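# Tertiary structure, described
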Amino acid sequence: MMQRYIEEELRRSAEAAGLVIDGPIPFGVPKQEGQGHLSTNIAMMHAKRLGKQPRVLAQEIVDALPASALVAAVEVAGPGFINVTFSDAVYHAMLRDLDAMADDIGRSDLGIGRTMNIEYVSANPTGPLHAGHGRNCAVGDTIANLFAWNGYAVTREYYFNNAGNQMNMLGRSIYVRLQHALGNLDVPFPEDGYHGEYISHVAESIATEHADQIRAMSEDEALAFCRKQGETWCFASIRQTLETLNIHHDVYFNEDTLYGTGKVVATVEALRDRGLVYEKDGATWFALTQLGNPQDKVIVKSTGEPTYRLPDIAYHRDKLERGYDVVVDVFGADHIATVPDVLAGVKALGFDTDRVRVVIHQMVTFVEDGEVVKFSKRSGKSFTLDDLIDEVGADVVRFFFIMRAVGTHLEFDLGLAKEEGDRNPVFYLQYAHARICSILNKGLERGVTLDHGADLSVLIHPREIELVALLSRFRSTVERACENLEPHVIAEFLRDLAGAYHNFYHDCRILGAEPPLESARLLLADVTRRAMRNGLLILGVGTPERM
RNA sequence: GCGCCCAUAGCUCAGUUGGAUAGAGCAGCAGCCUUCUAAGCUGCGGGCCGCAGGUUCGAAUCCUGCUGGGCGCGCCA
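Quick caveat: nothing in here was measured; it's all calculated off a predicted structure.

Each value, and the rule that gives it
- Residues numbered from 1 in each chain as written.
- Chains lettered and ligands numbered in written order.
- Predicted model: local features only at pLDDT ≥ 70, side-chain atom pairs only at ≥ 80, totals over all residues.
- Heavy atoms only, no water.
- Helix = DSSP H or I, 4+ residues; strand = E, 2+ residues; numbered from the N terminus.
- Buried < 20%, exposed > 50% of the residue type's maximum accessible area, 1.4 Å probe, protein only.
- Areas by Shrake-Rupley, 256 points an atom, 1.4 Å probe, with all protein chains shown as cover.
- Lys, Arg positive; Asp, Glu negative; His and termini not counted.
- Charge placed at Lys NZ, Arg CZ, Asp CG, Glu CD.
- Contact = heavy atoms within 4.5 Å.
- Domains from an automatic or database assignment.
- Pairing = 2+ DSSP bridges.
- Axes fitted to C-alpha atoms, helices over the stretch in contact; angles between N-to-C directions.
- Salt bridge = Lys/Arg side-chain N within 4 Å of Asp/Glu carboxyl O.
- Near = heavy atom within 4 Å.
- Polar contact = N/O pair within 3.5 Å; in protein donor to acceptor, adjacent residues only side chain to side chain.
- Nonpolar A, V, L, I, M, F, W, Y, C, P; charged D, E, K, R; others polar.
- Phe/Tyr/Trp six-rings, centres within 6.5 Å; stacked < 30°, edge-to-face > 60°.
- Lys NZ or Arg CZ within 6 Å of the ring centre and 35° of its normal.
- pLDDT = per-residue confidence, 0-100.
- Parallel < 35°, antiparallel > 145°, perpendicular 65-115°, else oblique.
- Left-handed = near helix turned anticlockwise from the far one by under 90°.
- Core = buried A, V, L, I, M, F, W, Y, C linked by side-chain atoms within 4.5 Å.

What follows is about the overall build of chain A. Helix and strand content of chain A: 20 helices and 14 strands. Overall, the C-alpha framework of chain A stretches about 90 × 65 × 40 Å when taken along its three principal axes. Relative to its full complement of 547 residues, chain A shows a buried share of 51%. When the accessible surface of chain A is totalled, it reaches about 24800 Å², and 49% of it is carbon and sulfur. Looking at chain A, you have 54 positive and 76 negative side-chain charges, and the mean spots of the two groups are 3 Å apart.

Encoded structure:
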């Protein structure tokens, strides 16, 4: 927000120097001390075109700038940067503006009037969520929050398939355990069956509650019954886990509805009309090579069943037809191969795939005491997301899964995550929040209340100015994190913010300072509290008022 | 073999879309509480930004080729 105090004047003085700039002027924040508060490279970018030396052009622009009470100094530096040093008055004005935003600090209207749909989690009901699912859950939900904070109307969607081979295998796995529970020990467990404890658990509950029913059923009926019981149990488990993580979907979309509404068949025919479908070896193929993809793929098997690709295309078409301005998919790296096929299909049907944004997060490895923790979904000794939450807590789970860029492999350090002390980055943020709350409460006890009209011009300490400077960047950080689908940016920002606050707290006595200074510092602390609170809300972690 | 992702301090990772002398946490060492929460703060040491070219005023960042690791490449999802 700093740049708006200088941008138009700079634009006019650039024009006076013969340089017309369309669009926003690019600004950067210098890293080094003594390089001002804001820096622009416009002179270097355009010097060549104007046939001037960068430093000469920069100086001409600077000379044309009118004097302003808000600007303490403007200088040409290095190869041709224009560095602007603001007077403290700019920071006082920014703090005043931030305070006026009340509880909406960080909120943006970037997406106001726009709609978005985000699909995440989307695990089929074949078992409880495992620890690795956590990244998808946390990344998806945090991105959803980011869009909401940017003004979008957000629909959180969970896509699932309760038919097909995997579900049949779930039913058979339970069925076999059930037979064992009923004394038929010679029924063999299927080769690729599910081994989790929950299989036996569901089987035993059927054995105790529905034994007579089962004995009266044919094998097919019993298998279907087991499958349904398994699905019910798995969904209850998944939803309970998501509840613990404070994740709530607006829509549970069953793949099956795409068949009921005829959208799957319609999709095949629409592709066929465009000459992109052919029959071979008894199967129906999608001619992806005609669309520039490396190989054609089967979309309807010779058995007559579609492969996952076809309903996926129909599903994306459905979402786009629902009119969302933005459609976001959150996938793990193991699903990366499906993305180009689905997008090509949707595009071939005439939809604008620019509206679709796909977030692909890399895999997670869990580490404890320097050792990689191995686990497998079907090995029996699975590591569920519930186990992880029990070990380290929901806040830590959410934070750890989003604190690294989605494109990089994530190492989840269980030892670090379990620490409740100073090494754990979540507590560092929450502690800053709790510390501010504590001061505000202590102030109330002493009769010192928040004064929104406080004279802010007394804030001149470097720690105070640094803190305001950081706060002024919160909103643009939220916007950038949303536009780039990068939740970790918020975690980084909050760490900086907490650090800046701790520095301020350490060097600047609040309660007991001279009356005008006390009021101003208290206001600064409260604005920081609201920013930190909103940041933690975006991440979906708790905002404790005492620790 | 092909596609996507990654490679930065001892370890885990940032790096504001191409800017100035590459940053943080942890680990190590040394300091700071009779005063608003020491779950905090301060200082020190630590680097061939995987390698080699290219693009330009300027590259950790963009392009090409290597090396090493991850994930995929099914009439499974």
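Examined against the element boundaries, Ala513 turns out to sit in the loop between helix 19 (488-507) and helix 20 (515-539). Of the residues examined, Ala513 reaches a relative accessible area of 15% and is grouped as buried. In this structure Ala513 touches Glu518 and Arg521, once residues within four positions along its chain are discounted.

With that settled, consider the domain arrangement of chain A. Its domain assignment divides chain A into domain 1 (2-86), domain 2 (92-110 + 422-539), domain 3 (115-161 + 248-361) and domain 4 (165-244). Averaged C-alpha coordinates put domain 1 and domain 3 at centres separated by 47 Å.

Spatial strand order, 7-8-9: three strands in an open sheet with antiparallel pairing. Two strands close off the open sheet at either side, each with one partner strand: strand 7 (277-280) and strand 9 (297-300). In this sheet, neighbouring strand axes are inclined to one another by 45 degrees on average, regardless of whether the strands run parallel or antiparallel. The pairing of strand 7 with strand 8 (residues 283-286) spans four bridges and is antiparallel. Residue Tyr278 lies in a different strand from strand 8, and its bridge partner there is Trp285. Across the face of the sheet, helix 10 (residues 263-273) comes into contact with strand 7 and strand 8 while running at roughly 100 degrees to strand 7.

This paragraph deals with the pattern of salt bridges. On inspection of all chains with the given rule, the structure shows 33 salt bridges. As a salt-bridge pair, Arg530 and Asp99 come within 3.1 Å of each other at their nearest N and O atoms. Of the two residues, Arg530 is situated in helix 20 and Asp99 in helix 4 (residues 88-100); the sequence distance between them amounts to 431 residues. For the pair Arg530 and Asp99, one class covers both residues: buried. We note a salt bridge from Glu368 to Lys418, for which the minimum N-O separation is 2.8 Å. Placement of Glu368 in strand 12 (residues 364-368) and of Lys418 in helix 15 (residues 414-418) is noted, with a sequence separation of 50 residues between them. Taking relative accessible area as the criterion, Glu368 reaches 24% and is therefore assigned partly exposed. Here the salt bridges do not stand alone but share partners, grouping Asp99, Asp526, Arg529 and Arg530 into one network.

This part covers the protein's contact with RNA strand B. Surveying the vicinity of RNA strand B reveals 65 residues, the closest of which are Lys48, Lys301, Tyr431, Arg435 and Asn484. Gln295 places a side-chain nitrogen or oxygen 3.5 Å from a sugar or linking oxygen of RNA strand B. Counting only elements with at least two residues in the surface near RNA strand B, the list comes to helix 2 (42-50), strand 3 (81-86), strand 14 (410-413), helix 16 (425-445) and helix 19. Looking at the surface near RNA strand B residue by residue, the class counts come to 24 nonpolar, 22 polar and 19 charged.

With respect to the helices and strands, Thr477 occurs in helix 18 (residues 474-483). Taking the relative accessible area as the measure of exposure, Thr477 reaches 8% and is therefore buried.

Glancing now at the packing of aromatic side chains. Applying the stated criterion across every chain yields a total of 19 aromatic pairs. Arranged with centres 5.2 Å apart and planes meeting at 40 degrees, the rings of Phe366 and Phe412 form a pair that is tilted. One end of the pair, Phe366, is in strand 12; the other, Phe412, is in strand 14, and 46 residues separate them in sequence. Measuring from ring centre to ring centre gives 6.2 Å for Tyr501 and Tyr505, while their planes differ by 40 degrees; the resulting arrangement is tilted. In this pair, Tyr501 and Tyr505 are both assigned in helix 19, four residues apart and thus about one turn of the helix distant. Here the aromatic cluster, defined as three or more aromatic residues joined through ring pairs, consists of Phe366, Phe383, Phe400, Phe401 and Phe412. Here the guanidinium or amino end of Arg239 rests over the ring plane of Tyr252, the centre of that ring lying 4.1 Å away. Over the aromatic face of Trp285 sits the side chain of Lys280, whose NZ or CZ is 4.6 Å from the ring centroid.

Our focus in this paragraph is unusual backbone geometry. Here Val121, not a glycine, exhibits a phi torsion of approximately 70 degrees, which is positive. In this structure, Val121 sits in the loop between strand 4 (115-119) and helix 5 (133-149). Its identity as a non-glycine residue notwithstanding, Asp281 has a phi of 55 degrees, on the positive side. Here Asp281 is to be found in the loop between strand 7 and strand 8.

Per-chain confidence: chain A averages 93 in pLDDT, with 98% of residues scoring 70 or above. This prediction of the complex comes with two scores: 0.95 for pTM and 0.95 for ipTM.

Here the focus is the packing of helix 16 against helix 20. Running from N to C, helix 16 and helix 20 point in directions that differ by 140 degrees, and their axes come no closer than 9 Å. Classified by the angle between their axes, helix 16 and helix 20 sit oblique to one another. Relative to helix 20, the crossing made by helix 16 is left-handed. Contact residues: Leu429, Gln430, Ala432, His433, Ile436, Cys437, Ile439 and Leu440 in helix 16; Leu522, Ala525, Asp526, Thr528, Arg529, Met532, Arg533 and Leu536 in helix 20. Tallied by class, the residues present in the contact of helix 16 with helix 20 amount to ten nonpolar, three polar and three charged.

The next point concerns the environment of His335. Examined against the element boundaries, His335 turns out to sit in the loop between strand 10 (326-332) and helix 12 (338-348). The class for His335 is partly exposed, based on a relative accessible area of 43%. Sequence separation between His335 and Ser87 is 248 residues; the distance between their C-alpha atoms is 52 Å.

Here we come to the nonpolar core. Ranked by size, the top nonpolar core spans 126 residues in total, and within it Phe86, Phe147, Leu388 and Phe401 carry the most contacts. In terms of residue count, helix 20 provides more of this core than any other element does, twelve residues in total. If we skip the residues at most four places from it in the chain, Phe86 touches Met2, Tyr5, Ile6, His37, Leu38, Leu70, Val71, Ala72 and Tyr91. Of all hydrophobic cores here, the second largest spans 27 residues; its members include Val264, Ala270, Ile299 and Phe351.

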